[in-house]
Amino acid sequence: MRVALLTLHTPLNFGSALQAYALCRVLREDGHDVRLVDYHRPGQRGLALAGKRFTDGDHVLPVRLWNVVDRGVEAAVARRRFAAFLRRRTTLTRRYTGPEQLAARPPAADAYLTGSDQVWNSLYNGGVDRALYLDFGPPATRRVSYAASFGLDAIPDAEREITRTLLARYTAVSVRERGAVDIVRALGVTECAQVLDPTLLLSGHQWADIAEARRGVRAPYVLLYSVEEDRMREALRVARHVARQLGLPVVQVTFGGRRRRIRGVDRTSYFTTPQQFLGLFRGAGYVVTSSFHGTTFSVNFNKPFVSIAPPRFASRAGDFLASVGLSDRFVTDGSRELPPHDIDYDSVNRALDRLRHHSRRYLKAALSQPARD
């Protein structure tokens, strides 16, 4: 079957790129001819993003100009590395830069699939992005979502009717978080499943096959991966505390350059590729993260870790950790005592294998259903 997958693969975020790769790989393993739709959300690239950087903050004019140039160069270097990873390991369609282009020239497919990550987060998307709800192509084409996420506890009242209308066209709907199931059902879509994030559909051994070591970084170490600026200080405090206990250095991982370095770490991996990101998790002796995907890769690589709750969208990591019996690794109060370093991964892996089997079986069944009339 020809499957056109639409997800968030373009953000400079390791989880975004790796979840897109993972779902493409699983679909290929199931025998599908899968294309990753090269969709770039309006306002997320080029002059629009540069203008936002220029107007952000209250710095004087020279500083704002420097920020635009510095961040622009950083982003260009990082994007080339992320794009090279996806070009090598997935098959991309032509480029689309807005929902109008997709509606005018939709990719030919037997099924359209909304992938995972926060595809339905209207806060990030600047409103309801109809493309990410598969509002294009022939009406008779199957429309399926896999592990889609709203990233919000509730959708705005003004968006409820359009969201209901768009979801009604789907053949099958699945989401990533338990709260998202409630949101979808409240809109009248009673058939909604909760499934695993695509990064968890592959085992640690499968991820290790494409992982690359980062030159100059010697294992083991305490790996620090935080994408939440509000939790950087707390994450560093925890990482340094664990590093003292274990006698290990703290290594920070980032997609960007020196402006991303956190003061207090022993080493920073700059302009890290997705493959090197995996290699850093594989070599870690302990992981401290405030990232959902940092949490999933810690578990997939069977690492001792703590996941520090972000100030918003915390249900993602909390739901997953509860499902595999690791709620104690989710730190919502930085003042409490950290959990023991050792984790019984035998029981965790058994739980994860059951969830993985359920999720892959759901995906196969969803794509085999006939399209709605």
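Residues numbered from 1 in each chain as written. Predicted model: local features only at pLDDT ≥ 70, side-chain atom pairs only at ≥ 80, totals over all residues. Heavy atoms only, no water.

A. Quick peek at the overall build of the protein. Regarding its fold elements, the protein presents 13 helices and 13 strands. A globule of 373 residues ought to have a C-alpha radius of gyration of about 21 Å, and the protein, at 20 Å, matches this closely. Across the 373 residues of the protein, 55% fall into the buried class. Pairs at least 24 residues apart make up 74% of the contacts formed inside the protein by residues separated by at least 6 positions. If you sum the accessible surface of the protein, you get close to 16500 Å²; carbon and sulfur atoms cover 50% of it. Each charge class in the protein was averaged separately, 55 positive and 37 negative side chains, and the resulting centres sit 7 Å apart. (Helix = DSSP H or I, 4+ residues; strand = E, 2+ residues; numbered from the N terminus. Rg over C-alpha atoms; globule rule 2.2 N^0.38 Å. Buried < 20%, exposed > 50% of the residue type's maximum accessible area, 1.4 Å probe, protein only. Contact = heavy atoms within 4.5 Å. Areas by Shrake-Rupley, 256 points an atom, 1.4 Å probe, with all protein chains shown as cover. Lys, Arg positive; Asp, Glu negative; His and termini not counted. Charge placed at Lys NZ, Arg CZ, Asp CG, Glu CD.)

B. The sheet that holds strand S8 (residues 222-225), seen in detail. One open sheet accounts for 6 strands, arranged S10-S9-S8-S11-S12-S13; its pairing is parallel. Each edge of the open sheet carries a strand with a single partner, namely strand S10 (267-269) and strand S13 (330-331). Packed onto the sheet, helix H9 (residues 232-246) meets S8, strand S9 (250-253), strand S11 (286-289) and strand S12 (305-308) and runs at close to 175° relative to S8. Docked against the sheet, helix H11 (residues 292-300) engages S8, S11 and S12, running at close to 165° with respect to S12. (Pairing = 2+ DSSP bridges. Axes fitted to C-alpha atoms, helices over the stretch in contact; angles between N-to-C directions.)

C. Focus on the environment of Gln245. Here Gln245 lies in helix H9. A residue is classified by how much of its surface remains accessible, and Gln245, at 49% relative accessible area, is partly exposed. One polar contact links Gln245 to His341, side chain to side chain, over a distance of 3.0 Å. (Polar contact = N/O pair within 3.5 Å; in protein donor to acceptor, adjacent residues only side chain to side chain.)

D. Geometry of the environment of Arg329. With respect to the element layout, Arg329 can be found in the loop between helix H12 (315-323) and S13. Each C-alpha atom, one on Arg329 and one on Thr273, is 27 Å from the other, the two residues being 56 residues apart in sequence. Leave out the neighbours within four places in its chain, and Arg329 touches Tyr286, Phe305, Val306, Ser307, Leu321, Pro339, Pro340, His341, Asp342 and Ile343. A distance of 2.9 Å separates a polar atom in the side chain of Arg329 from the backbone oxygen of Phe305.

E. Structural context of the sheet that holds strand S3 (residues 92-96). Strand order in the open sheet formed by 5 strands is S3-S2-S1-S4-S5, and the pairing between neighbours is parallel. Where the open sheet ends on each side, the last strands, each with one partner, are S3 and strand S5 (142-145). The average undirected angle you get between the axes of adjacent strands in this sheet is 25°. Relative to strand S4 (residues 111-114), strand S1 (residues 2-6) is paired through 4 bridges, and the arrangement is parallel. Each bridged residue has a counterpart across the sheet, and for Ala4 the counterpart in S4 is Tyr112. Strands S1, strand S2 (33-39) and S4 of the sheet are contacted by helix H1 (residues 14-29), whose axis makes an angle of about 155° with S2.

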